[in-house]
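Structural description and commentary
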Amino acid sequence: MNRRIALGSLLAAAGGLSASAFAWRQWRRQPVAMVATAHPPLPAPERIGSIYHLGHSLVGPDMPAMLAQLGGHAYASQLGWGTTLKQHWKDGPKIPGFALHAGGMDPAPAKEALAAERFDALVLTEMVEIRDAVRWYDSPRWLSEWVRFARRANPAIRIYLYETWHNLDDPAGWLERIDTDLSEQWLGHVLAPAEARRGTGHIFLIPGGQTMAAVARAAEAGQLPGISSREDLFSRDEHGALDPIHMGDLGAYVIALTHWTVLWQRSPLGLPHRLKRSDGTDAHWFENEAAPRVQEIVRDVVAGIPYAGVSPERLSQFDG
């Protein structure tokens, strides 16, 4: 769903000549990246009873369900097709592909749910192509709007930005883009300028792209029995055709581990790896020899990200 948006289609969607003028003004005013400052570690949570996920198909229905199996919490989500934070804010249930999912609670649209003060954590993500989201849809503004809205209802809520990725066949290289986009886009153009807006406060990072890249590198180095390439983390249709952006079960497990490690501030070593999808069917899982190595990779990536709010010393002291 999250495909690179062509300039022509953006202009068509915005409407004729007025859209052209708008696009030209936006093109001339390119945002300037800011330097993100490392956040002090959060205190470990006493409990996490509920999480709200706001995003699109790179959240999906299965990853939050897997995370709930690891964390034992209730959750809800509002998803769309390649949806921007701005669309979620402005259009709500009218967004293309609008869908609500939940486990252990009744699903509700994001604003209604967050206003009810029912959630301990909120995880937000922006559409990809992230460069287009920043250029055309003012990502930091709408990230800040969501953060301030959630904190007005519940000042104690913990808020996270989920870093995702782009197509495997990106001309600049999938791994190469993940390596550069973290500081240039997710931190420099989204998180840091959102935090600079008055009343926003700290937003912590869930480094999904970073953990997917690290697991892919390990697979391609022959370190993960049962998988050998980045493509093994992505989904395929019934004919075996690769989807170049949407995670399969193994990718969803990596991302669920990443969320768990950041949110619970514990090492994921020893967590279960045989989980179910949101529909209750068994997911494909990493082989027994590979799963502990995947958990180690996720732990080490999170420990090396000073924007996640997690003390590296804490991750080295506590196993799952």
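Residues numbered from 1 in each chain as written. Predicted model: local features only at pLDDT ≥ 70, side-chain atom pairs only at ≥ 80, totals over all residues. Heavy atoms only, no water.

A few points about the overall build of the protein
Selection criterion: Each helix corresponds to a stretch of at least 4 residues labelled H or I by DSSP, and each strand to a stretch of at least 2 residues labelled E; elements are numbered beginning at the N terminus. Exposed residues in this analysis have more than 50% of their type's maximum accessible area, buried residues have under 20%, and partly exposed residues fall in between, with area computed by a 1.4 Å probe over protein chains only. Residue contacts are counted whenever heavy atoms from the two residues lie within 4.5 Å of one another. The method behind every accessible area is Shrake-Rupley, applied with a 1.4 Å probe, and residues are considered shielded solely by the protein chains displayed.
A count of helices and strands for the protein gives 12 helices and 8 strands. Sorting the 320 residues of the protein into buried and exposed places 56% on the buried side. The contacts of the protein with a sequence gap of at least 6 include a subset with a gap of at least 24, amounting to 72%. Roughly 13,500 Å² of accessible area belongs to the protein as shown, and the carbon and sulfur atoms make up 52% of that amount.

Details of the sheet that holds strand 1 (residues 50–55)
Counted only if it meets this: Pairing between strands is defined by DSSP: at least two bridges between the two strands are required. An axis is simply a line fitted to the C-alpha atoms; with a helix, the fit covers only the stretch in contact. Between two such axes, the angle follows the N-to-C directions and lies from 0 to 180 degrees.
Taken in spatial order, the 6 strands of this open sheet run 3-2-1-4-5-6, and their pairing is mixed. Looking at which strands have only one partner, the edges of the open sheet turn out to be strand 3 (99–103) and strand 6 (204–206). For this sheet, the mean inter-axis angle between neighbouring strands, taken without regard to orientation, is 20°. Note: strand 5 (residues 158–162) against strand 6, 3 bridges, orientation parallel. Within the sheet, the bridge partner assigned to Tyr-160 lies in strand 6 and is Phe-204. Across the sheet, helix 3 (residues 62–71) is in contact with strand 1 and strand 2 (74–79); its angle to strand 1 comes to roughly 165°.

Side note on helix 3
The buried count for helix 3 comes to 7 of 10 residues, which makes it a mostly enclosed element. Of all the positions in helix 3, only Met-63, Pro-64, Ala-65, Met-66, Leu-67, Ala-68 and Leu-70 are classed as buried. In this fold, the buried residues of helix 3 make contact with strand 1, strand 2, strand 8 (242–247) and helix 10 (249–264). Just beyond helix 3, the residue with positive phi is Gly-72, at close to 70°.

A closer look at the packing of helix 8 (residues 174–195) against helix 9 (residues 208–220)
Quick note on the threshold: A crossing counts as left-handed when the near helix is turned anticlockwise from the far one by less than a right angle, and as right-handed when that turn is clockwise. All amino acids are sorted into three groups, where Ala, Val, Leu, Ile, Met, Phe, Trp, Tyr, Cys and Pro are nonpolar, Asp, Glu, Lys and Arg are charged, and the leftover types, Gly among them, are polar.
In the contact formed by helix 8 and helix 9, the axes pass within 10 Å of each other and the chain directions differ by 145°. Of the two possible hands of crossing, helix 8 and helix 9 adopt the one that is left-handed. The residues of helix 9 that touch helix 8, namely those facing Trp-174, Leu-175, Ile-178, Asp-179 and Leu-182, are Gly-209, Gln-210, Met-212, Ala-213, Ala-216 and Arg-217. A class-by-class count of the residues in the contact of helix 8 with helix 9 yields 7 nonpolar, 2 polar and 2 charged.

Focus: the packing of helix 9 against helix 10
Our working rule: When describing relative orientation, an angle under 35 degrees is termed roughly parallel and one over 145 degrees roughly antiparallel, while 65 to 115 degrees is termed roughly perpendicular and anything else oblique.
Put simply, helix 9 and helix 10 touch, their axes get as near as 9 Å, and they point 130° apart. Between helix 9 and helix 10, the angle falls in the class oblique. Where helix 9 crosses over helix 10, the handedness of that crossing is right-handed. Note on element contacts: helix 10 touches helix 9 through Gly-251, Val-254, Ile-255 and Thr-258, opposite Gly-208, Thr-211, Met-212 and Val-215. Partitioned by chemical class, the residues of the contact of helix 9 with helix 10 number 4 nonpolar, 4 polar and no charged.

Details of the pattern of salt bridges
Definition in use: Salt bridges, as used here, are contacts in which a Lys or Arg side-chain nitrogen is within 4 Å of a carboxyl oxygen on Asp or Glu.
As enumerated under the stated definition, the model contains 13 salt bridges in all. Glu-145 is the partner of Arg-141 in a salt bridge, and the nearest nitrogen-oxygen pair spans 4.0 Å. Here the residue Arg-141 and the residue Glu-145 both occupy positions in helix 7 (residues 139–153), the gap between them amounting to 4 residues, near one helical turn. Judged by its relative accessible area of 31%, Arg-141 is partly exposed. For the salt bridge of Glu-220 with Arg-230, the shortest nitrogen-to-oxygen distance reads 2.8 Å. Pair noted here: Glu-220 is in helix 9 and Arg-230 is in the loop between helix 9 and strand 7 (234–236), with a separation of 10 residues, a long-range link. Glu-220 gets classed as partly exposed once you look at its relative accessible area, which sits at 37%.

Things to note about the packing of aromatic side chains
To describe a pair of aromatic rings, you give the distance between the ring centres and the angle between the ring planes. How we decide: To pair, rings of Phe, Tyr and Trp, with the six-membered ring standing in for Trp, must have centres within 6.5 Å; the planes then decide the type, stacked if under 30 degrees apart, edge-to-face if over 60, and tilted in the middle.
Under the definition given, this model contains 11 aromatic pairs. Seen from their ring centres, Tyr-52 and Phe-119 are 5.2 Å apart, and the 90° between their planes marks the pair as edge-to-face. Residue Tyr-52 is found in strand 1, and its partner Phe-119 is found in the loop between helix 5 (110–115) and strand 4 (121–124); the two are separated by 67 residues along the sequence. Consider the rings of Trp-89 and Trp-142, whose centres lie 6.3 Å apart with planes at 45°: the pair is tilted. Of the two residues, Trp-89 is situated in helix 4 (residues 85–91) and Trp-142 in helix 7; the sequence distance between them amounts to 53 residues.

Examining the pairing of strand 4
Residues of strand 4 alternate between two faces, with Ala-121 and Val-123 on one and Leu-122 and Leu-124 on the opposite face, all of them buried. Here strand 1 runs beside strand 4; their pairing, made up of 4 bridges, is parallel. Note on strand 4: the bridge partner recorded for His-53 is Val-123.

Quick word on the side chain of Thr-125
As a reminder, the rule being used: What qualifies as a polar contact is a pair of N or O atoms within 3.5 Å, subject to a donor-acceptor requirement within protein and to the restriction that residues adjacent in sequence count only when both atoms come from side chains.
Within the secondary structure, Thr-125 sits in the loop between strand 4 and helix 6 (130–137). Judged by its relative accessible area of 0%, Thr-125 is buried. A distance of 2.6 Å separates the side chain of Thr-125 from the backbone oxygen of Tyr-162, its partner in a polar contact. Setting aside chain neighbours within four positions, we find Thr-125 in contact with Leu-54, Gly-55, His-56, Val-59, Leu-85, Leu-161, Tyr-162, Thr-164 and Trp-186.

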